[in-house]
Amino acid sequence: MFGYIIVNKPEMKFKNFDLYQSYYCGLCKTLKDRYGRTGQMTLSYDMTFVILLLTSLYEPETALDERRCAVHPFEPHPVRANLFSQYAADMNILLSYYKCLDDWEDERKVTKKAMAQSLHGKFRKVAQAYPGKERLIREMMEQIRRCEKEKSRDVDEASGYFGEIMAEVLVYRKDEWENDLHRMGFFLGKFIYLMDAWEDVEKDAKTGNYNVFAHEYKEKDFEKHTEKILSMMMAECSRAFERLPIVENTEILRNILYSGVWCRYELVKRRREGNQHE
C-alpha cells in the first residue's frame, strides 16, 4: 500500500520539486543514520508527504545541507531534515514491518518474510518509543486480517481500519490540530487501501487473494463507481487539509492531494482501457 502519495511532477514548478526532493533525500539519510541500510531500503515518497505536511504546520527548525550519495555520486544535492524526518523514519519502520508480514501472510513471499525478520530489531526499538501508536497499528492490522479471512464485502470496514492507521501517523501530538489531522489521515488511509484494492483486483481474482472489490469488478459500472468512492475519500481528506493553518509549501501539498494521488490511477486506467481494445 505504498507509492500512491506522490507528486505530479509535470504539474510542479522546478523550485517546488527541488524542495520536495530535498525532504525526500533528508528522509533517506535519516533512515540510514537511524536504521542502517536495511532501514534505508524502506524509503518511500509517502512518508515524504508526512514530513512536508507536519513541517508546514508546525514550522520546526530545519537543517539544510548538501551531500553526495550512491544515487547522486557526482554532484552534491540539497538535503533537508528536522524532527519530523526522524518521526517519519520511525513510522516508516512500523508500517514497513507490518506490510512485510502482511505480504508474507497473503502471498507467502519469502523475501518479505526475510525483510520482516531483518527489520524486527528496528521495529522493536520504534515500538518501545511509540507504544501507543504501535499498539493501534497492530490492532488495526489484525482487524484487516480478520476482514480478509472472513472475505468481507464491506468497503468501509477494512479501509476504515487502514484509515485509522494513517490517522494515527498524521496525528503527531494531541493539540488544537489533532481532529483535522486525524480526519485527513483517516480518509487518506481509506483512499490508499481502496486504491490498492482497485489496482490489484484483476490479479487478486486470478490468484484467489482477498480483495474487497472481488464480487463487483466485472459489473458494468465498476470503474465509474470506484472512481466516485475514491473521489469522495480525497474530497474529505482535502477539506480537512484546507482547515489547517498552513501557509508554506501549500502548492506542493495541494499538488499531491489534488493531482499526485491520481497519477497511478490514471496510469492503471489507461492500461486497462488499452487491454480492452486489443
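Analysis parameters
- Residues numbered from 1 in each chain as written.
- Predicted model: local features only at pLDDT ≥ 70, side-chain atom pairs only at ≥ 80, totals over all residues.
- Heavy atoms only, no water.
- Helix = DSSP H or I, 4+ residues; strand = E, 2+ residues; numbered from the N terminus.
- Expected span 1.5 Å × (residues − 1).
- Bend = angle between axes of the 7 residues up to and from the residue.
- Salt bridge = Lys/Arg side-chain N within 4 Å of Asp/Glu carboxyl O.
- Buried < 20%, exposed > 50% of the residue type's maximum accessible area, 1.4 Å probe, protein only.
- Core = buried A, V, L, I, M, F, W, Y, C linked by side-chain atoms within 4.5 Å.
- Contact = heavy atoms within 4.5 Å.
- Axes fitted to C-alpha atoms, helices over the stretch in contact; angles between N-to-C directions.
- Parallel < 35°, antiparallel > 145°, perpendicular 65-115°, else oblique.
- Nonpolar A, V, L, I, M, F, W, Y, C, P; charged D, E, K, R; others polar.
- Lys, Arg positive; Asp, Glu negative; His and termini not counted.
- Disulfide = S-S within 2.5 Å.
- pLDDT = per-residue confidence, 0-100.
- Phe/Tyr/Trp six-rings, centres within 6.5 Å; stacked < 30°, edge-to-face > 60°.
- Lys NZ or Arg CZ within 6 Å of the ring centre and 35° of its normal.

Now for helix 1 (residues 14–40). Taking 1.5 Å per residue as the helical rise, helix 1 with its 27 residues ought to reach 39 Å, whereas the 26 Å between its terminal C-alpha atoms falls clearly short. In the structure, helix 1 departs most strongly from a straight axis at arginine 34, where the bend amounts to approximately 115°.

Within the structure shown, the criterion is met by 17 salt bridges. In this structure, the salt-bridge partner of aspartate 90 is arginine 34, at a minimum N-O distance of 3.2 Å. You can see aspartate 90 sitting in helix 3 (residues 83–107) and its partner arginine 34 sitting in helix 1, a full 56 residues away along the chain. The exposure class assigned to aspartate 90 is buried, which follows from its relative accessible area of 4%. The network of salt bridges with common partners includes Arg146, Glu150 and Glu157.

Okay, the nonpolar core next. If you look at the biggest cluster of nonpolar residues, it comprises 84 residues, and the most contacted ones within it are Phe49, Leu53, Met184, Leu194 and Phe213. Counting residues per element, this core draws most heavily on helix 7 (residues 178–207), at 12 residues. Discounting chain neighbours no more than four positions away, the residues touching leucine 53 are Leu170, Leu181, Met184, Phe241, Leu244, Ile246 and Leu253.

Moving on, we get to the packing of helix 1 against helix 9 (residues 250–258). Between two packed helices, the angle of one axis relative to the other and the distance separating the axes together describe the packing. Running from N to C, helix 1 and helix 9 cross one another at 85°; their axes reach a closest spacing of 10 Å. Here helix 9 runs roughly perpendicular to helix 1, going by the angle between their axes. Note on element contacts: helix 9 touches helix 1 through Glu251, Ile252 and Ile256, opposite Asn16, Leu19 and Tyr20. A class-by-class count of the residues in the contact of helix 1 with helix 9 yields four nonpolar, one polar and one charged.

What follows deals with the side chain of aspartate 204. Relative to the elements of secondary structure, aspartate 204 occurs in helix 7. Lysine 203 provides the closest opposite charge to the buried, unpaired aspartate 204, separated from it by 4.8 Å. Beyond its immediate stretch of four places on either side in the chain, aspartate 204 contacts Asn209, Tyr210 and Asn211.

Summarising the element assignment, serine 118 is placed in helix 4 (residues 110–129). Exposure remark for serine 118: the relative accessible area of 31% places this residue in the partly exposed category. The spacing of serine 118 and tyrosine 97 is 21 residues in sequence and 9.2 Å in space, taken between C-alpha atoms.

On to the environment of tryptophan 198, then. Here tryptophan 198 lies in helix 7. Residue tryptophan 198 is classed as buried on the basis of its relative accessible area, which comes to 0%. Separated by 28 residues in the primary sequence, tryptophan 198 and threonine 226 have C-alpha atoms spaced 7.6 Å apart. Discounting chain neighbours no more than four positions away, the residues touching tryptophan 198 are Phe213, Phe222, Glu223, Thr226, Tyr265, Val268, Lys269 and Arg272.

All right, on to the state of the cysteines then. The full count for this structure, using the stated rule, is zero disulfides. Free of any disulfide, cysteine 100 has its nearest cysteine sulfur in cysteine 28, 17 Å distant. The thiol sulfur of cysteine 237 is not disulfide-bonded, and the nearest other cysteine sulfur, from cysteine 263, lies at 15 Å. Assessed through its relative accessible area of 0%, cysteine 237 is described here as buried.

Right, let's talk about the confidence of the model for the protein for a bit. When pLDDT is averaged along the protein, the result is 91; 95% of the residues meet or exceed 70. Within the protein, helix 10 (residues 263–277) has the poorest average pLDDT of any element, 79, and helix 9 the best, 97.

Here we take up the packing of aromatic side chains. In this structure the tally under the stated criterion is 18 aromatic pairs. Ring geometry for tryptophan 198 versus tyrosine 265: centroids 4.4 Å apart, planes at 25°, classification stacked. Taken as a pair, tryptophan 198 in helix 7 and tyrosine 265 in helix 10 lie far apart in primary sequence, 67 residues in all. For tyrosine 265, a relative accessible area of 0% gives the class buried. Between the aromatic rings of tryptophan 262 and tyrosine 265, the centroid separation amounts to 5.3 Å while the plane-to-plane angle is 90°, which identifies the pairing as edge-to-face. Tyrosine 265 shares its class with tryptophan 262; the two are buried. A network of ring pairs unites the aromatic residues Tyr58, Phe84, Tyr87, Tyr130, Tyr172 and Trp177 as a single cluster. Looking at arginine 264, its charged tip hangs above the ring of tyrosine 4, at a distance of 4.3 Å from the centre.

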